[in-house]
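Single-letter residue listing:
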Amino acid sequence: MAVQATLLTATSFLYTAISRPMVPLLKIGWNGCFAYSTNSSRVASFQPRSITNSNHQEIVRPLGNFPPDIWGDHCMTLSFDNSEFESCSRQVEVLKEMVKDMLVASTDDPIENMFLINSLCRLGVSYHFESEIEKQLSHLFITLGEVIDNYKDYNLHTIAIIFQVFRSHGYKMPCDVFNKFKNGDGKFKETVVSDMKGMISLYEASHFRINGELILDEALAFTTLHLESSLANQSSPHHAEYIVNALCRPYHKGVPRLEARQYISFYERDESRNYVLLEFAKCDFNWIQMLLQQELSHLCGWWKESDIESRFPYARHRNVEAFFLAVGIYFEPCYARARNIYAKLTLIIGLLDDTYDAYGTYEELQYFTDAMQRFDMSVMDKLPADYLKLLYETILDVHDEAQQKVSEEGRSYSVSYTKNEFKKLVVTNLAQARWVHEGYLPTFDEYLEIALKSSAAIVSVSLALIGMEEADEKAYQWLINNDNKIHKALNILTRLYDDIMTNEDEEKRGLVCGTNCYMKQYGVTRKEAIEAYQERIEDAWKELNEGYLRPTPVPIQILKRAVNFARLMDVAYKHDDGFGKPEISLQDYITKPSHFVRDISFVFIFVGLRA
């Protein structure tokens, strides 16, 4: 039942503005909100403790020695300089208008237009111009054939950027545009290898592939091989760093806020950079950082006032980390309410996870699971233990608070759908707890039937939609539809990413592990099981990409939250168990200073305006 979440890559991110000194930030110590299963390696050490009940019967609780919260009350007192915020807001508005003029002017040249849209997206400021970009891309896609035919001499870099922009916005640009870069025997031309910009762009474009796009499968293998071999010969440290980062995590699989933070530093060293666009990206990043700091402070104040830490001493207390997850789903200022709701309910999932995985007995959990099917305070007194009553009350209170926030809009249904997903979640948690209780190792097929549902992917996206006005009842019906490609892909990605990085430790703790189930059913080694997992993960990304293509049954803004959730999983579990063992990489990523410039001086454009 491991709630798995995700965090930063290599930047100090959440409450450190770009123009300020980079200070230690977040540390993950909790398997956050993503993959529920008995497969949980959120525990540094596993020390069962026995106690005696009133009937003198010994009760063994599988306590975990969870590392304590490292933040204390620090985030409750984050400073907020209103004058600085107002100044930054004015700067953002001035630059926004200038960039908007650039965007409008670029429509005279379709290629210039596409490159500017790509820069806006990579720098994290495209959210300011969503309607303009949508209108421009819609027109460009209609005339795509004409554009390509008129410019048959486009180089690989240009074609790949056009492809990325269209696919990232849900437009199915055909992949056969890359055939011109193949020779007569169907292989990519060797001359392509020397085009480093083209190779990197083709590599990035290939990650938008869907099932059946063999040329993109070939492109990914081709570019990966040659980019890796080119690193030793890179004369520019800047280019080498860019390639390393792309190979580590392509743009499509990165969390938008983190990708923007990283790309700003690369763009600043790009000889073709546009200074107005660069300063807009920096200023906007800092402006959002100040907003996020204020939101985080309010969340931490709520956590402290709720006294959750002392009420549930057996659980992990990760309110700062939960807020990071919310920012990973949506960083845009308009989603402040949504982030607050998401973070609080994510913390509830964490409490549930620790209760099923590291405290409750199987008998107690049976009573609690039954009570969760009712979501009614009147059944609380029937629970067999005080800690379960406190947990049940807390769960209902947080859901009630969320419902109050959206009921005025006539969106109470959003909380009702989310409650139903919580009900499904605890049922599958109990099923996995039963396997451990009975000492049963299921087949892989049996395991997946439960573990995919217990991954917490769908409930997590459901939480994300509560605070979004765009999420009507149709969006929830789409999300919970088992035949939905994105629904299936999210469950698979969440479960398999988690299993690969956590199962060896889980096996030592006597938990049911997916890789062991696979080994049992297919008679293979652990290495072979992991390779099979990785193939399924890549196939799931293809399914996710296909589910994002137009026409879509729900708005793109809804689909973005689901895709961002998948990206969070890649950040957390691609290389190690991000939440079970944060000291391996996440702690270092979060606490080390960023390589980005710490002091941003606004260029001449602001000097002129101020004068």
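Since we're looking at a predicted model, the values are computed, not measured. (Residues numbered from 1 in each chain as written. Predicted model: local features only at pLDDT ≥ 70, side-chain atom pairs only at ≥ 80, totals over all residues. Heavy atoms only, no water.)

1. Notes on the confidence of the model for the protein chain
Link 1 in the chain: Confidence in the prediction of the protein chain, expressed as mean pLDDT, is 85, and 84% of residues score 70 or more.
Link 2 in the chain: Predicted confidence for residues 1-50 stays below pLDDT 50, and this span has 290 contacts to residues more than four positions away or in other chains.
Link 3 in the chain: Residue range residues 590-611 is modelled with pLDDT below 50. Its contacts to residues more than four positions away, or to other chains, number 52 contacts. (pLDDT = per-residue confidence, 0-100. Contact = heavy atoms within 4.5 Å.)

2. Observations regarding the pattern of salt bridges
Link 1 in the chain: Within this structure, the stated rule accounts for 25 salt bridges.
Link 2 in the chain: For the salt bridge of Lys100 with Glu132, the shortest nitrogen-to-oxygen distance reads 3.5 Å. With Lys100 in helix α1 (residues 82-105) and Glu132 in helix α3 (residues 130-142), this pair connects stretches of sequence that are 32 residues apart.
Link 3 in the chain: In this structure, the salt-bridge partner of Arg167 is Glu213, at a minimum N-O distance of 2.6 Å. (Salt bridge = Lys/Arg side-chain N within 4 Å of Asp/Glu carboxyl O. Helix = DSSP H or I, 4+ residues; strand = E, 2+ residues; numbered from the N terminus.)

3. Thoughts on the packing of aromatic side chains
Two measures describe an aromatic ring pair: the distance that separates the ring centres and the angle between the ring planes.
Link 1 in the chain: This model, assessed by the stated rule, comprises 28 aromatic pairs.
Link 2 in the chain: For the pair Phe85 and Trp287, a centre-to-centre distance of 6.3 Å together with 20 degrees between the ring planes defines the contact as stacked. Taken together, the residues Phe85 in helix α1 and Trp287 in helix α10 (residues 275-306) connect sequence positions 202 residues apart. Note on accessibility: Phe85 and Trp287 belong to one class, buried.
Link 3 in the chain: Measuring from centroid to centroid gives 4.7 Å for Tyr359 and Tyr387, while their planes differ by 85 degrees, and the two rings are edge-to-face. Placement of Tyr359 in the loop between α13 (336-358) and α14 (362-372) and of Tyr387 in helix α15 (residues 386-407) is noted, with a sequence separation of 28 residues between them. One exposure class covers both Tyr359 and Tyr387, and it is buried.
Link 4 in the chain: Here the aromatic residues Trp435, Phe444, Tyr447, Tyr518, Tyr522 and Tyr533 are joined through ring pairs into a cluster of three or more. (Phe/Tyr/Trp six-rings, centres within 6.5 Å; stacked < 30°, edge-to-face > 60°. Buried < 20%, exposed > 50% of the residue type's maximum accessible area, 1.4 Å probe, protein only.)

4. Here's the deal with a negative patch on the surface
Link 1 in the chain: A contiguous patch of negative charge on the surface is contributed by Glu528, Glu531, Glu535 and Asp539.
Link 2 in the chain: By the element assignment, Glu531 lies in helix α22 (residues 526-547). (Patch = residues over 30% accessible without salt bridge, like charges linked within 9 Å, V, L, I, M, F, W, Y side chains within 5 Å. Areas by Shrake-Rupley, 256 points an atom, 1.4 Å probe, with all protein chains shown as cover. Lys, Arg positive; Asp, Glu negative; His and termini not counted. Charge placed at Lys NZ, Arg CZ, Asp CG, Glu CD.)

5. Observations concerning the packing of α1 against α3
Link 1 in the chain: As a packed pair, α1 and α3 sit with axes 11 Å apart at the nearest point and diverge in direction by 10 degrees. On the basis of their axis angle, the class for α1 and α3 is roughly parallel. Contacts from Lys100, Leu103 and Val104 in α1 reach Glu132, Ile133 and Gln136 in α3.
Link 2 in the chain: Counted by class, the contact of α1 with α3 contains 3 nonpolar, 1 polar and 2 charged residues. (Axes fitted to C-alpha atoms, helices over the stretch in contact; angles between N-to-C directions. Parallel < 35°, antiparallel > 145°, perpendicular 65-115°, else oblique. Nonpolar A, V, L, I, M, F, W, Y, C, P; charged D, E, K, R; others polar.)

6. A few points about the side chain of Ser106
Link 1 in the chain: Position of Ser106 among the secondary structure elements: in the loop between α1 and α2 (110-122).
Link 2 in the chain: Those residues in contact with Ser106 that lie beyond four places of it in its chain are Glu112, Asn113 and Leu116.

7. Quick word on the packing of α13 against helix α18 (residues 457-466)
Link 1 in the chain: The interhelical angle for the contact between α13 and α18, taken along N-to-C directions, is 150 degrees, at an axis separation of 8 Å. In this view, α13 runs roughly antiparallel relative to α18, as classed from their interaxial angle. Seen from above, α13 lies across α18 with right-handed handedness. Across from Ile341, Tyr342, Leu345, Thr346 and Ile349 in α13, the residues of α18 making contact are Val459, Ser460, Leu463, Ala464 and Ile466.
Link 2 in the chain: Counted by class, the contact of α13 with α18 contains 8 nonpolar, 2 polar and no charged residues. (Left-handed = near helix turned anticlockwise from the far one by under 90°.)

8. Details of the nonpolar core
Link 1 in the chain: If you look at the biggest cluster of nonpolar residues, it comprises 191 residues, and the most contacted ones within it are Phe178 and Phe368.
Link 2 in the chain: For this core, the element with the highest residue contribution is α10, accounting for 17 residues.
Link 3 in the chain: The contact partners of Phe368, leaving out residues within four places of it in the chain, are Leu352, Tyr356, Leu383, Leu388, Leu391, Tyr392 and Ile395. (Core = buried A, V, L, I, M, F, W, Y, C linked by side-chain atoms within 4.5 Å.)

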